[in-house]
2 protein chains.
Amino acid sequence: MANIEEKSPRLWAFLIATYWISVVTYFLSWKAYKHVSALRANALMSPEVKPEQFAVLVRDLPDVTQGQTRKEQVDSYFKSLYAETFYRSMVVTNNKEVDKIWGELEGYKKKLAHAEAIYAESQKKGSSAGTRPTNKTGFLGLCGKKVDSIEYCTEKINELTQKLEAEQKVTLREKQQRSALVFFTSRVTAASAAQSLHAQMVDRWTVTEAPEPRQLVWSNLRIKFFERIIRQYIVYIVVFLTIVFYMIPIGFISALTTLANLKKYLPFLKPIVKQDAIKTVLEAYLPQLALIIFLALLPKLLLFLSKTEGIPSGSHVVRAASGKYFYFTVLNVFIGVTVGGTLFSTFKTIEKHPNRVFELLAKSLPGNATFFLTFVALKFFVGYGLELSRIVPLIIYHLKRKYLCKTEAELKDAWFPGDLGYATRFPGDMLILTIVLCYAVIAPVIIPFGVLYFALGWLILRNQALKVYVPAYESYGKMWPHMHTRVISALLLYQATMLGYFGVVKFYYTPILIPLPILSLIFAYVCRQKFYKAFCHTALEVACQELKETPQMEQIFKSYIPPSLCSEKQEDEQFEDALSQVSRTGSFV
Amino acid sequence: MANIEEKSPRLWAFLIATYWISVVTYFLSWKAYKHVSALRANALMSPEVKPEQFAVLVRDLPDVTQGQTRKEQVDSYFKSLYAETFYRSMVVTNNKEVDKIWGELEGYKKKLAHAEAIYAESQKKGSSAGTRPTNKTGFLGLCGKKVDSIEYCTEKINELTQKLEAEQKVTLREKQQRSALVFFTSRVTAASAAQSLHAQMVDRWTVTEAPEPRQLVWSNLRIKFFERIIRQYIVYIVVFLTIVFYMIPIGFISALTTLANLKKYLPFLKPIVKQDAIKTVLEAYLPQLALIIFLALLPKLLLFLSKTEGIPSGSHVVRAASGKYFYFTVLNVFIGVTVGGTLFSTFKTIEKHPNRVFELLAKSLPGNATFFLTFVALKFFVGYGLELSRIVPLIIYHLKRKYLCKTEAELKDAWFPGDLGYATRFPGDMLILTIVLCYAVIAPVIIPFGVLYFALGWLILRNQALKVYVPAYESYGKMWPHMHTRVISALLLYQATMLGYFGVVKFYYTPILIPLPILSLIFAYVCRQKFYKAFCHTALEVACQELKETPQMEQIFKSYIPPSLCSEKQEDEQFEDALSQVSRTGSFV
């Protein structure tokens, strides 16, 4: 008893700090939500014409009646509802085949340009005739007949162009799917249509906002209503299993990758490890490094799984993947490492009292403080260092320029920085937030590191996002509500951990903390009620802002034609013909 | 062991029956859902003009800017969004005062007619002069000054008419609230507007479907977004407490109202109770009768609580109340009586193992079979008998005709059958369903009673609903999804009880039943996904059906003016003047 009495002032300070941190988090995240919401509204009401604001995506079309084409069905349906603002519709087709041919064609075009560049170079360098580049036609250019590259590519291109044209016609005529894009001449109508129930049965004529052309996932558009739901749940189960059963390998890795173990199991490393400098570095960073590499393998799988759910837009896929990655990260890295360090000794405790997991977590937290401190430090020294210097892309670029790239287009490709990679970056930041929150009271030395991490992140990533990376899509801030939920999750975890911590030290006033998680849930609920709907849909008062110029509906329509269906001779009669599947009304002046 | 082996075939039959009943329930309720959904669509697409299909209810209006009236604010907002189909708006006012005056005025008008009828009668009967009726002005006409009724009423009417006119003007001018009704010239626009998010912040400009004029709850329209949410949760908590703590009195009543106890505590009843015929009846029906009377007191409270939630439409209030009443009924009557019969003996068991409630229920079920059998029988013999003969309303009507009613209007009032009273009727039926389901396997003799109950109900209530009762509102089948949820709840309770039952008899194959509750949840989820949204909103393809005639917008607008704000001289200038608060656009031809 005396021991606790002694500790009491410290515990009271801890308790007040917990409240203080929670309230600050509420306040800041509320402000941020409000700010992002206003930014979203501003971006949406911009006077510039954006194709996605004039279109809606219609899925789950019912069967066509006899003697009616898919296009006629869609047109008559929407004309009867929106007589004045309906412009045109585009029936979604199955582009798998045509995409494949187009991909091959583009590949050969690149190869041709490459071969021609090599030939020109050799002509410049040596004899006037030069050496014509050759390649083998077999697997990866390693086996098969040797042919003249330029001739071979030209031949292939001609062949594929014809094939593409034929396939384009077949696709537009015969491979129509049960979904369509519908274009309106008014932003308000499009925004309102995307929010309205069109058919009495919910699983028919599902109308949603159209994603941007560049982020439309064409292959997912044909998936039916209930199939989407089933796919979603299957993916959730798969992800759940992945999260739960990855815990075992992580536990092993954190047990294995101590220096002593390495020496024991990989004796050939001994001479290297014996050197003092390397030893220090390895001892400090080895487990963390193993963890970081381990985590780098996952995002591809999660992106694939999220795409399988049947989500129609690329940004939504990224959001879904990053959400999964967050839960993976927190459960496996944070909880896994914390409890995993003492996993074998306390496994039986968990089994007997599964609801004592927070107590266990609280008990294990102090022991792992150093690990996570170095983890955060490593993340921002190495992570931001690499980010800012972009040393890896630089090396790769120079290597490519030296040995691979021959044409201007190839150089541009090699230099292309890609997008910010939200799917992995943001869960990483959220993990840091979780760590910082959970250690803020127990080991407050982590706070400056956390502040530094996010302050540097603000400076560096702002710069990178604005000036380096090329965004692959624009989701108008739809990522934020998603992040906000995770911030509150992290806060809840922190509050539960603190409850566990006070429980462990048997502090008499622990129940004072109980309102905190409830408060967090109410806060999350209020935020969701107040802001979330405006992130799901476009508010009509936002959509009704004046535009700078009259929208060029033809342009908007064309922007949605996938490149593989775009004919080369854009201005030709043939193009109009290929698009004859696509309806046109006379109503637009 | 031998005992269970013996029982095994019977238990297998029980198990198969449980599956069978569940599947039949799924099938029937699916069919019913589909059917009601189609009926709703048919009713909504009817070519007749219905005012509520042309209006939306707008709540949570933001503050008006300086120099702008409320009406101008609403008009400019909706004109900018719906330039072509916006017709007019009506700002909601606080009608409490004017309603009160109007109520008094109507009361005096009735009294005057009554007094005149009495006077005319007395003239006819006796002397040519007749006796002028008199009344006292004090409390309930029992004390105060004695006055001539006709003169007094006429005087009062004149006085109140002037007061009403003044108050109407004040109300329209000064008592405007933060909500409005907006009228469109097109059903599609109204349906689409009711489903769309209008403002970036969800708690401003909340647009929802307008309820019918007759079921609009005016006093709730001014309640703000978050206030509505808070009220809702407070009401939920109050209802939860009511449900939980009513259990105690019910337990006492079912313990008290045995004949032996009655004799003991109310000795003056002894001579009556001793007669054989009365004794038999009382013994069989006394506890049930007590229960039924007890439950009759509740609906008023629940209706009041539901109205307090801030719901804007009368039918929704009834739905909310009936949902609460259902849970009350099932928890208190069904579970309370079943477990309550053995409450005192098994109270400690519950306390020790709170999750064994279903086992306990299963154990207590067989003992109460007779009680519920007589309960169902009583319900349909007495309930339907009273319903069909309408003997109580008939007696009341004849009594009123003889002693109270003097004018035609009063007679009509006395005869008026009212509406079906969904708030109490449907939870009662759902209770019977729950009882029949739960006893279907254990005491299958209840099945014919259940079938008879619902078959008779179909015949009798169909007749009553179509030919006797006057519906107070039309909700286009919105009650059904609500009932469907409760049917599935009853089914879940049944399945859980069966699990408990098999657990009690220690049947080896009990786990075969575990998929059933999961199946029920999936079924409920699928139904909700497929049908529910069409019950929340009007599908646009339904709203776009042709109308029989061009809608008379003026008529539609007027139908929403509450009677207390309707001026007597409808065609007068003064009416137009009183409505000058209300905007009008020139756009409607």
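Computed from a predicted model, the values in this text were never measured in an experiment.

1. Details of the UniProt feature "transmembrane region" (unreviewed entry) in chain A
Okay, so step 1: Residues given the UniProt feature "transmembrane region" (unreviewed entry) here are residues 12-30, 233-260, 281-305, 325-344, 365-386, 430-461 and 508-527 of chain A.
Okay, so step 2: The annotated region residues 430-461 of chain A carries 84% helix and 0% strand content, and the separation between its end C-alpha atoms amounts to 15 Å.

2. Observations concerning the relation of the copies chain B and chain A
Both copies of the chain are related by a screw-like operation: a rotation about an axis and a shift along it.
Okay, so step 1: Take chain B, turn it by 180°, move it 0.1 Å along the axis, and it overlays chain A with an RMSD of 0.1 Å. Overall, the copies show the geometry of a two-fold rotation axis.
Okay, so step 2: When you check the interface residues of chain B against chain A, 97% turn up at the interface there too, and the contact is symmetric in its surfaces.

3. Side note on the side chain of Thr171(A)
Residue and element names in this part refer to chain A.
Okay, so step 1: Note that Thr171 resides in helix α4 (residues 149-174).
Okay, so step 2: Assessed through its relative accessible area of 0%, Thr171 is described here as buried.
Okay, so step 3: Apart from the residues within four sequence positions on either side, Thr171 is in contact with Thr93, Asn94, Asn95, Val98, Gln176 and Leu565.

4. Description of the domain arrangement of chain A
Residue and element names in this part refer to chain A.
Okay, so step 1: Domain parsing of chain A yields domain 1 (1-50 + 360-548) and domain 2 (52-211).
Okay, so step 2: Taking only C-alpha atoms into account, the centre of domain 1 sits 38 Å from that of domain 2.
Okay, so step 3: Taken over both partners, the interface formed by domain 1 and domain 2 buries close to 1500 Å², and the fraction arising from carbon and sulfur atoms is 52%.
Okay, so step 4: For domain 1, the biggest contributors to the area lost against domain 2 are Lys50, Lys406 and Leu540; these three give 34% of the whole.
Okay, so step 5: Summed over the shared surface of domain 1 and domain 2, the result is 2 salt bridges.
Okay, so step 6: For Lys110, the salt bridge identified is with Asp413, shortest N-O distance 4.0 Å.
Okay, so step 7: The interface formed by domain 1 and domain 2 contains 11 residue pairs in polar contact (both at pLDDT 80 or more).
Okay, so step 8: Contributing elements (two or more residues each) for the side of domain 1 that touches domain 2: α16 (408-415) and α21 (540-543).
Okay, so step 9: Among the residues making up the side of domain 1 that touches domain 2, the classes are represented as 10 nonpolar, 5 polar and 7 charged.

5. Some remarks on the pattern of salt bridges
Between side chains of opposite charge, a pair can form when the charged atoms approach closely.
Okay, so step 1: In the structure shown here, the tally under the stated rule is 22 salt bridges over all chains.
Okay, so step 2: A salt bridge links Arg231(A) to Glu227(A); the nearest nitrogen and oxygen atoms lie 3.1 Å apart. A residue pair is termed a helical-turn pair when its members lie 3 or 4 positions apart in one helix, as Arg231(A) and Glu227(A) do in helix α6 (residues 225-256) at 4 residues.
Okay, so step 3: Since its relative accessible area comes to 23%, Arg231(A) is described here as partly exposed.
Okay, so step 4: With its nearest N and O atoms 3.2 Å apart, the salt bridge here joins Glu212(B) to Arg214(B).
Okay, so step 5: A relative accessible area of 8% places Glu212(B) in the buried class.
Okay, so step 6: For Arg214(B), a relative accessible area of 51% corresponds to the exposed category.

6. Some details on the sheet that holds strand β5 (residues 176-184) of chain B
One key point about sheets: their strands pair by backbone hydrogen bonds, in either a parallel or an antiparallel sense.
All names here are of chain B.
Okay, so step 1: The strand order across the open sheet formed by 4 strands is β2-β5-β1-β6, and the pairing between neighbours is antiparallel. Of all strands in the sheet, those bounded by a partner on one side alone are β2 (86-93) and β6 (206-209). Neighbour-to-neighbour, the strand axes of this sheet turn through a mean angle of 25°, independent of strand direction.
Okay, so step 2: Sheet topology places β2 next to β5; 6 bridges connect them, and they run antiparallel. Across the sheet, the residue bridging to Val91 is Ala180, located in β5.
Okay, so step 3: Docked against the sheet, helix α4 (residues 149-174) engages β2 and β5, running at close to 85° with respect to β5.

7. Some remarks on the sheet that holds strand β2 (residues 86-93) of chain A
Residue and element names in this part refer to chain A.
Okay, so step 1: Strand order in this open sheet of 4 strands is β2-β5-β1-β6, and the pairing throughout is antiparallel. If you trace the sheet from one side to the other, it starts and ends with β2 and β6 (206-209), each paired once. Here the strands of the sheet are splayed against their neighbours by 25° on average, with no regard to which way each runs.
Okay, so step 2: Along the sheet face, helix α2 (residues 70-81) touches β1 (55-59), β2, β5 (176-184) and β6 and points at about 145° away from the line of β2.

8. Structural notes on the confidence of the model for chain A
Residues and elements named next belong to chain A.
Okay, so step 1: Summing up the model confidence of chain A, the mean pLDDT is 81 and the portion of residues at 70 or higher is 84%.
Okay, so step 2: Every residue in residues 341-345 is under pLDDT 50, and counting partners more than four places away or in other chains gives 3 contacts.
Okay, so step 3: Counting contacts from residues 569-589, a segment whose pLDDT is below 50, to residues more than four positions away or on other chains yields 39 contacts.
Okay, so step 4: Both scores are given for the predicted complex: the pTM is 0.79, the ipTM 0.77.

9. Considerations on the packing of helix α17 (residues 422-440) of chain B against helix α18 (residues 446-468) of chain B
Residue and element names in this part refer to chain B.
Okay, so step 1: Interaxial distance between α17 and α18 falls to 9 Å at its minimum, and their mutual angle equals 155°. Classified by the angle their axes make, α17 and α18 are roughly antiparallel. Judged by the twist between their axes, the crossing of α17 over α18 is left-handed. Within the contact between the two elements, α17 uses Arg425, Asp429, Ile432, Leu433, Ile435, Val436, Tyr439 and Ala440 and α18 uses Ile446, Ile447, Gly450, Tyr453, Phe454 and Leu461.
Okay, so step 2: Among the residues making up the contact of α17 with α18, the classes are represented as 11 nonpolar, 1 polar and 2 charged.

10. Some details on a positive patch on the surface
Okay, so step 1: Taken together, the side chains of Lys96(A), Lys100(A), Lys163(A) and Arg222(A) define a basic patch exposed on the protein surface.
Okay, so step 2: Locating Lys96(A) in the fold gives a position in helix α3 (residues 96-125).

11. Thoughts on the environment of Pro51(A)
All names here are of chain A.
Okay, so step 1: With respect to the element layout, Pro51 can be found in the loop between α1 (2-44) and β1.
Okay, so step 2: The spacing of Pro51 and Ile522 is 471 residues in sequence and 38 Å in space, taken between C-alpha atoms.
Okay, so step 3: Excluding its chain neighbours within four sequence positions, the residues that come into contact with Pro51 are Pro213, Ile556, Ser559 and Tyr560.

12. Some points on the pairing of strand β1 (residues 55-59) of chain B
Residue and element names in this part refer to chain B.
Okay, so step 1: The buried fraction of β1 amounts to 5 of the 5 residues, a majority that puts the element mostly inside the structure.
Okay, so step 2: Here β1 shows two buried faces, one formed by Ala55, Leu57 and Arg59 and the other by Val56 and Val58.
Okay, so step 3: Bridge count between β1 and β5: 4 bridges; the pairing is antiparallel. Residue Val58 lies in a different strand from β5, and its bridge partner there is Ala180.

13. Quick word on the packing of helix α19 (residues 479-504) of chain A against helix α20 (residues 515-536) of chain A
Residue and element names in this part refer to chain A.
Okay, so step 1: Running from N to C, α19 and α20 point in directions that differ by 180°, and their axes come no closer than 10 Å. Considering their axes alone, α19 and α20 lie roughly antiparallel with respect to each other. Between α19 and α20, the residues in contact are Trp480, Pro481, His484, Ile488, Leu491, Leu492, Gln495 and Leu499 and Leu516, Pro517, Ser520, Leu521, Phe523, Ala524, Cys527, Tyr532 and Phe535, respectively.

14. Re the interface of chain B and chain A
Okay, so step 1: In this assembly, 39 residues from chain B lie in contact with 38 residues from chain A.
Okay, so step 2: Carbon and sulfur atoms make up 58% of the surface buried where chain B meets chain A, a total of about 3300 Å² over both sides.
Okay, so step 3: Applying the counting rule to chain B against chain A returns 2 salt bridges.
Okay, so step 4: At the surface where chain B touches chain A, the tally comes to 22 residue pairs in polar contact (both at pLDDT 80 or more).
Okay, so step 5: Residue assignment for the side of chain B that touches chain A shows that the elements contributing at least two residues are α1 (2-44), α2 (70-81), α5 (187-193), α6 (225-256), α20 (515-536) and α21 (540-543) of chain B.

What counts, and where the lines are drawn
Residues numbered from 1 in each chain as written. Chains lettered and ligands numbered in written order. Predicted model: local features only at pLDDT ≥ 70, side-chain atom pairs only at ≥ 80, totals over all residues. Heavy atoms only, no water. UniProt positions renumbered as here; feature names shortened; annotations may be inferred. Helix = DSSP H or I, 4+ residues; strand = E, 2+ residues; numbered from the N terminus. Least-squares fit on C-alpha atoms with pLDDT ≥ 70 in both. Contact = heavy atoms within 4.5 Å. Buried < 20%, exposed > 50% of the residue type's maximum accessible area, 1.4 Å probe, protein only. Domains from an automatic or database assignment. Buried area = accessible area lost by both parts, 1.4 Å probe. Salt bridge = Lys/Arg side-chain N within 4 Å of Asp/Glu carboxyl O. Polar contact = N/O pair within 3.5 Å; in protein donor to acceptor, adjacent residues only side chain to side chain. Nonpolar A, V, L, I, M, F, W, Y, C, P; charged D, E, K, R; others polar. Pairing = 2+ DSSP bridges. Axes fitted to C-alpha atoms, helices over the stretch in contact; angles between N-to-C directions. pLDDT = per-residue confidence, 0-100. Parallel < 35°, antiparallel > 145°, perpendicular 65-115°, else oblique. Left-handed = near helix turned anticlockwise from the far one by under 90°. Patch = residues over 30% accessible without salt bridge, like charges linked within 9 Å, V, L, I, M, F, W, Y side chains within 5 Å. Areas by Shrake-Rupley, 256 points an atom, 1.4 Å probe, with all protein chains shown as cover. Lys, Arg positive; Asp, Glu negative; His and termini not counted. Charge placed at Lys NZ, Arg CZ, Asp CG, Glu CD.

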